[in-house]
Amino acid sequence: MVDRERIPLAVLLALLIYPNDNFGGAFQPEFRQSIANLTVPLGRDATFTCHVDHLGQFKVGWVKTDNKAIQAIHDRVITHNPRVSVSRGDHSMWNLHIKGVQLDDAGLYMCQINTDPMKSQTGMLSIEVPPDFVAEETSGDVMINEGGQTKLTCRARGVPMPRVTWRREDNKDIVIREAYGGSVASQKTHGNASSLTRVSTLSATILAVSSMQEFQGEVLRLSRISRTDMGAYLCIASNGVPPAISKRIIVSVHFPPVIHVPNQLVSAPLGTDVMLVCYVEAFPMSINYWVKDNGAIIISSARLDVQAVPSSNFEVKMILTIRNLQKHDTGSYVCAAKNSLGEVEGSIRLYDLHDIQGATKSQTAYYDEKDEVVFGSAEIEKSENKPYSIDNTVHGHLGYPSVSSLSPTGTNRKRPGLPINATSGSRKFFGTSMWSEILIFLVIIVS
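Before going into details, it helps to say that this report is about the structure given with it. As the structure is a prediction and not an experimental result, all values here were calculated from the model.

1. Topic: the packing of aromatic side chains
For any pair of aromatic rings, the description consists of the separation of the ring centres together with the inter-plane angle of the planes. Taken as a whole and assessed by the stated rule, the structure comprises two aromatic pairs. On the basis of an interplanar angle of 35° and a centroid distance of 5.3 Å, the ring pair of Phe48 and Tyr109 is categorised as tilted. You can see Phe48 sitting in strand S3 (residues 46-53) and its partner Tyr109 sitting in strand S9 (residues 107-113), a full 61 residues away along the chain. One exposure class covers both Phe48 and Tyr109, and it is buried. Judged by centre distance (5.9 Å) and plane angle (80°), the rings of Phe255 and Phe314 are edge-to-face. In this pair, Phe255 is assigned in strand S21 (residues 245-260) and Phe314 in the loop between strand S26 (304-310) and strand S27 (315-322), connecting sequence segments 59 residues apart. When its relative accessible area of 1% is taken as the criterion, Phe255 is described as buried. With relative accessibility at 10%, the residue Phe314 sits in the buried group. Sitting over the ring of Phe255, Arg227 keeps its end group 3.8 Å from the ring centre. When the ring centre of Tyr333 is taken as reference, the NZ or CZ atom of Lys292 above it lies at 4.9 Å.

What follows is the structure in structure tokens.
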């Protein structure tokens, strides 16, 4: 005998669990919660979930709203896109899967229930695209003459729009030079907080000069470019979607050779080793060589060692080492540098220290007016009670003068007589330029 008290309870449970299968359906389908919007990187998978209560005999469908394309109805996929599939967790959770999303997949997706009237809700699929450079609008390597100007461009695309930052590969500051005016302030704001800004006057033109570790923007303009601006520049594009990308752009600054001679007068005892040094700056890199006063190009041998030590892509230290110094090694030496834009020479005078010490025993010395002795700028400033100049730099020029026509660097000027241990009874004159140069050197050392 059936327990009649349990029959009403069983009917109630059936109505709650299957409302549309009993007595025409007591409850209409309802969405339990909204569909979540999705933001997915390009190439990843995306899944929309539609939660429905009391679905009963009704069906769930998926539609892409921008083109009205039906993706799926209930458990059946309608679209011909092989990357689309559906699944469900139970009778109330319906999933739409999109594998390896592409840009065309972005947009609104609608979950529908075929009630009358139709019930629906939508979710947005946004595609994140990592940054990429537009090749035809992005600069390549640049070659420019010193003092000119150039524009470096890195055009990037992506979703969201990438941010482009410039840095130097050697971690030196980026220097922005612009004519002083309204455009300077806007250029300055692109730098970071540690940027250094100064105003300078060059060739009667007022310039605003800004130095910064980073510059933001797709276009980097370099004006009145200097050799110190030469090197590799990195433009880095990022938008929060990995990976960030970078492009390396080489800026080559061309200029004729420049030679700096730190010591134009050198002395050493016979039998010792002595080193002569010249510093060269040039780009393209120069051909560097040494020449003796007899016109012979010096090459490495058992006693002579010729070296060129680069310190950057445009700087070289020229070193000539003379071992076991002999009398015939004294005299003038020329360091020369040549590239496609010009050539330059610097000179060094090498003395025997014993000859200089012997010259100090002479009582008085005056220069003969016949001696055409050429003095460097440091020596002239000393005679006029001025501070020494430390810049013995020789700048290159167009054309290729011969080594035999070389004249020492500095200002051509005779030096006044320099008495040494003068007495009232006698004066002695040296009639050769060699002794004059020795005495000049001696006075410089003593001073």
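2. Observations regarding the sheet that holds strand S8 (residues 93-98)
If you walk across this open sheet you meet the four strands as S1-S3-S8-S7, and the pairing is antiparallel. At either end of the open sheet lies a strand with only one pairing partner, and these are strand S1 (30-33) and strand S7 (84-90). On average, adjacent strands in this sheet sit at an angle of 30° to one another, irrespective of strand direction. In this sheet, S3 lies alongside S1 in antiparallel orientation, the contact comprising three bridges. Bridging from a neighbouring strand, Gln33 pairs with His51 of S3.

3. Here we look at the state of the cysteines
Under the criterion given, the structure shown has three disulfides. There is a disulfide in this structure between Cys50 and Cys111, and the S-S distance comes to 2.0 Å. In this structure, the disulfide formed by Cys50 and Cys111 twists by about -85° around the S-S bond and is classed as left-handed. Residue Cys50 is found in strand S3, and its partner Cys111 is found in strand S9; the two are separated by 61 residues along the sequence. Of the two residues, Cys50 and Cys111, neither departs from the other in class, the shared state being buried. Each sulfur of the disulfide joining Cys278 and Cys335 lies 2.1 Å from the other.

4. Comments concerning the pattern of salt bridges
Should their charged atoms come close, side chains of opposite charge can pair. Counted under the stated rule, the structure contains 20 salt bridges. Ionic pairing is found between Asp352 and Lys327, a salt bridge with its closest N-O pair at 3.5 Å. Highlighted residues: Asp352 in strand S29 (residues 342-352) and Lys327 in the loop between S27 and strand S28 (331-339), separated in sequence by 25 residues. By relative accessible area, which is 42% here, Lys327 ends up partly exposed.

5. Quick word on the side chain of Lys292
The topology assignment puts Lys292 in strand S24 (residues 287-292). Among the residues examined, Lys292 registers a relative accessible area of 12% and is labelled buried. Among the polar contacts listed, one links the side chain of Lys292 to the backbone oxygen of Thr330, at a separation of 3.1 Å. In this view, Lys292 contacts Ile298, His328, Asp329, Thr330, Gly331, Ser332 and Tyr333; residues no more than four positions away in its chain are not counted.

Conventions and cut-offs
Note on numbering: residues in each chain are counted from 1, in written sequence order. Residue-level local features of this predicted model are given only where pLDDT is at least 70; pairs of side-chain atoms are given and counted only at 80 or more, and the full residue set underlies all totals for whole chains, interfaces and linings. Computation of side-chain values covers all heavy atoms of the structure but excludes hydrogens and water. Put simply, two rings from Phe, Tyr or Trp (the six-membered ring, in Trp's case) pair if the centres are within 6.5 Å, and we call them stacked under 30 degrees between planes, edge-to-face over 60, tilted for the rest. Put simply, DSSP H or I for four residues or longer makes a helix, DSSP E for two residues or longer makes a strand, and each gets a number counted from the N terminus. Burial classification: accessible surface area is computed with a 1.4 Å probe over protein chains only, and a residue below 20% of its type maximum counts as buried, one above 50% as exposed, and the rest as partly exposed. By the criterion adopted, a ring carries a charge over it if an Arg CZ or a Lys NZ lies within 6 Å of its centre and within 35 degrees of its normal. Strand pairing requires that DSSP identify at least two bridges connecting the strands. The convention used is that axes are lines fitted to C-alpha atoms, helices contributing only their stretch in contact, and that angles between N-to-C directions extend from 0 to 180 degrees. Disulfide: a pair of cysteine sulfur atoms within 2.5 Å of each other. Whenever a carboxyl oxygen of Asp or Glu lies within 4 Å of a side-chain nitrogen of Lys or Arg, that contact is scored as a salt bridge. As used in this structure description, the phrase polar contact means that two N or O atoms lie within 3.5 Å; if the pair is within protein, one of them must be able to donate a hydrogen and the other to accept it, and residues adjacent in sequence are counted only when both atoms belong to side chains. Note on contacts: a residue pair is in contact if any heavy atoms of the two residues lie within 4.5 Å.

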